[in-house]
Amino acid sequence: MKPTTRHNSPHLSSPPPIVLSIAGSDSGGGAGIQADLHSLAAFGVHAVTALTAVTAQNSRGVCAIQMMPKAIVLSQIQAVLADFPVAAIKIGMLGTPTLALAIARILAKHPEIPVVLDPVLVATSGASLARGKLVHAMARHLLPRADLLTPNIPEAEALLNRRLRTRRQMREGAQSLRAMGARAVLLKAGHLSGPTVDDLLLSAKGEFWFSHSRIAVEGHGTGCSLSAAIAAGLARKLSLEAAVAGASDFVHRALRHAYRPGKSSLAFLNHQKAGAE
């Protein structure tokens, strides 16, 4: 009889918190699900994904968009939720009202998972990333499920159908978005002018402002990176205010270390350096 050899099982670490990113792909690597993965890695969480669209884009613009079939998007989400203890969900580009409704129905079955909704409607280049009545579908079906809604000024204006230019208007706009169902709203003011960028978080706990000096670059993927970083904080059981504060500082550092990999003036965030500081 041959002697048996015992192989000791390798020591496995405890798994980190898990965040599901539901978003589109950016072939240039600066925004979309690629930016989400960079942010989530920087915060030490495990990322699982559901791809909603494939975009052909670079630093100069979006060349083409191919939406994923609704069935495969939903299958990705269901497969992940059936196996992994997802601690937070970040939603980015959806593209169509049909998909927004279908995802809302899945999320209704998982009320325990916090959801960060980044209402992606237009790319940095100005290309539309939405079809049909997506704004209406998002407002009706997804805002009531959002633990945090993270629109920039143009996205908030599209959801509210009115202009937001002053701090008072931002406050009123955030209040209106909460009245539409979102539990909390982070209204991002990067599109406004001034020496500082003053973002407003409005929640049941009150009003919180996050201010950073304005960096004179045209950043790509800031909204994607921010919402993913907030989801990572929530997955780590931080309070909403602490998660937003940490994510906001992270994106500011990433923008401060930004670089231009393409032929345009568009700057990509440096998630690696921001995470290392």
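What you see is a predicted model, and the numbers here were worked out from it, not measured in a lab. (Residues numbered from 1 in each chain as written. Predicted model: local features only at pLDDT ≥ 70, side-chain atom pairs only at ≥ 80, totals over all residues. Heavy atoms only, no water.)

Draft legend 1. Just the environment of Leu 40, in detail. On the secondary structure map, Leu 40 appears in helix H1 (residues 32-42). Of the residues examined, Leu 40 reaches a relative accessible area of 1% and is grouped as buried. For Leu 40 and Ile 18, which are 22 residues apart along the polypeptide, the C-alpha to C-alpha distance reads 9.3 Å. With residues up to four places along the chain from it excluded, the contact list for Leu 40 reads Val 19, Val 45, Ala 47, Ala 228 and Ala 232. (Helix = DSSP H or I, 4+ residues; strand = E, 2+ residues; numbered from the N terminus. Buried < 20%, exposed > 50% of the residue type's maximum accessible area, 1.4 Å probe, protein only. Contact = heavy atoms within 4.5 Å.)

Draft legend 2. Just the pattern of salt bridges, in detail. One pass over the structure, following the stated rule, counts 11 salt bridges. A salt bridge links Asp 36 to Lys 90, with the nearest nitrogen and oxygen atoms 2.8 Å apart. Separated by 54 residues along the polypeptide, Asp 36 in helix H1 and Lys 90 in strand E4 (residues 86-91) bring together distant segments of the chain. Take Asp 36 and Lys 90: they sit in the same class, and that class is buried. Notably, a salt bridge pairs Arg 171 with Glu 207, separated by 2.7 Å at the nearest N-O pair. Note that Arg 171 is positioned in helix H6 (residues 167-179) and Glu 207 in strand E9 (residues 206-213), a separation of 36 residues in sequence. Judged by its relative accessible area of 27%, Arg 171 is partly exposed. The class for Glu 207 is partly exposed, based on a relative accessible area of 33%. (Salt bridge = Lys/Arg side-chain N within 4 Å of Asp/Glu carboxyl O.)

Draft legend 3. Highlighting the nonpolar core. Membership of the largest hydrophobic core comes to 48 residues, with the highest contact counts inside it found for Leu 20, Ile 91 and Ile 103. When residues of this core are assigned to their parent elements, the largest contribution, seven residues, is made by helix H3 (residues 97-107). Leu 20 has contacts with Val 48, Thr 49, Ala 50, Ile 77, Val 80, Leu 81, Val 86, Ala 88, Ile 89 and Lys 90, leaving out every residue within four places of it along the chain. Counting 29 residues, the second largest nonpolar core, distinct from the first, contains Leu 40, Ala 232, Ala 247 and Leu 255. (Core = buried A, V, L, I, M, F, W, Y, C linked by side-chain atoms within 4.5 Å.)

Draft legend 4. Focus on the packing of H1 against helix H7 (residues 222-235). Close contact between H1 and H7 brings their axes to 8 Å; oriented N to C, the two are set at 40°. Looking at the two axes, H1 sits oblique to H7. For the pair H1 and H7, the sense of crossing is right-handed. Contacts between H1 and H7 pair Gly 32, Ala 35, Asp 36, Ser 39 and Leu 40 from the former with Cys 224, Ser 225, Ala 228, Ala 229 and Ala 232 from the latter. Here the contact of H1 with H7 is composed, by residue class, of six nonpolar, three polar and one charged. (Axes fitted to C-alpha atoms, helices over the stretch in contact; angles between N-to-C directions. Parallel < 35°, antiparallel > 145°, perpendicular 65-115°, else oblique. Left-handed = near helix turned anticlockwise from the far one by under 90°. Nonpolar A, V, L, I, M, F, W, Y, C, P; charged D, E, K, R; others polar.)

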